[in-house]
Amino acid sequence: MIPVVTIDGPSGSGKGTISKALAIHLGWNYLDSGLIYRCFAYLTMIGTIDIPKAIKEIEHNFDLNKEEILFNGENITSAIRGTEVTMLSSELSQKPEVRSQLIEIQKTFREHPGLVAEGRDMSSKLFPDSLVKIYLTADLEERVNRRANQLRNDGQKVNISELKSEIEERDLRDTQREHSPLVKTDDSILIDNTGKEVKETLEFIEKLVNEKY
Ligand code: DC
């Protein structure tokens, strides 16, 4: 079986930074499942109504492992990370018919020598046989600040109180939805990385992985 490490958590929990660094250290593949939902939302927004076609477009035109996201030669990174796509991806991800199709794409990332997968339902739904399951979180204030920095780095203007409401709304929807909500599974290790350096959390997870594999 190809080994998987799953890292789930809410927006701004730091799971992106930690998962990417972990995948690089281990030399494993990396799945940013949120990016797949965002790509789907973007394609829907620009009028690609046909879901199977939209999925094909995601598979063939997006390089999910690049910092810059290109579509038809256009750099759509800001749009993908922006408010409209962010909220739409959270809304669309409530629909079981959307989830079931995107799940198939996500499963194809499980390739040798291993996979680090981040999202909301990686431990509960996508890879329940994963040997190391992490639930990463941080205080709301810190998550808002991290997300603000991420957006500023993408060259976007940030209104902190709006961003806070956006994150609260998304937290609520992502945890309360009927299908595959964000949950901490019983076999996941809870890490609250409020006030912690990335290095500290990363080393802790790497130790857990080394004990298992
Ligand atoms: O991780 P993110 O902020 O890029 O995710 C965007 C949205 O996609 C998130 O609000 C809910 C949805 N999502 C999901 O439903 N399941 C996942 N595994 C990952 C993301």
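Residues numbered from 1 in each chain as written. Predicted model: local features only at pLDDT ≥ 70, side-chain atom pairs only at ≥ 80, totals over all residues. Heavy atoms only, no water.

Our focus in this paragraph is the side chain of Thr137. In this structure, Thr137 sits in strand E6 (residues 132-137). If we ignore the near neighbours within four places in the chain, the residues touching Thr137 are Pro10, Ser13, Arg143, Leu190, Ile191, Asp192, Asn193 and Thr194. (Helix = DSSP H or I, 4+ residues; strand = E, 2+ residues; numbered from the N terminus. Contact = heavy atoms within 4.5 Å.)

Assignment of secondary structure puts Ser90 in helix H5 (residues 83-92). What makes Ser90 buried here is its relative accessible area of 3%. Linking Ser90 and Arg173, residues 83 residues apart in sequence, is a C-alpha distance of 7.3 Å. If we skip the residues at most four places from it in the chain, Ser90 touches Arg170, Arg173 and Asp174. (Buried < 20%, exposed > 50% of the residue type's maximum accessible area, 1.4 Å probe, protein only.)

Taken together, the five strands give an open sheet; going across it, the order is E2-E5-E1-E6-E7, and neighbouring strands pair in parallel fashion. With partners counted over all chains shown, the strands left at the sheet margins are strand E2 (29-32) and strand E7 (189-192), one partner each. On average, adjacent strands in this sheet sit at an angle of 20 degrees to one another, irrespective of strand direction. Here four bridges tie strand E1 (residues 4-8) to E6, and the two strands are oriented parallel to one another. Bridged to Val5 within E6 is Val132. (Pairing = 2+ DSSP bridges. Axes fitted to C-alpha atoms, helices over the stretch in contact; angles between N-to-C directions.)

Below, the discussion takes up the packing of helix H8 (residues 140-153) against helix H9 (residues 160-176). One way to put it is that H8 packs onto H9 with a least axis distance of 10 Å and a crossing angle of 115 degrees. One way to sum up the angle between H8 and H9 is to call them roughly perpendicular. Taken as a pair, H8 and H9 cross one another with a handedness that is right-handed. On H9, the residues that touch Leu140, Glu141, Arg143, Val144, Asn145, Arg147, Ala148, Leu151 and Arg152 of H8 are Ile160, Leu163, Lys164, Glu166, Ile167, Glu168, Arg170 and Asp171. (Parallel < 35°, antiparallel > 145°, perpendicular 65-115°, else oblique. Left-handed = near helix turned anticlockwise from the far one by under 90°.)

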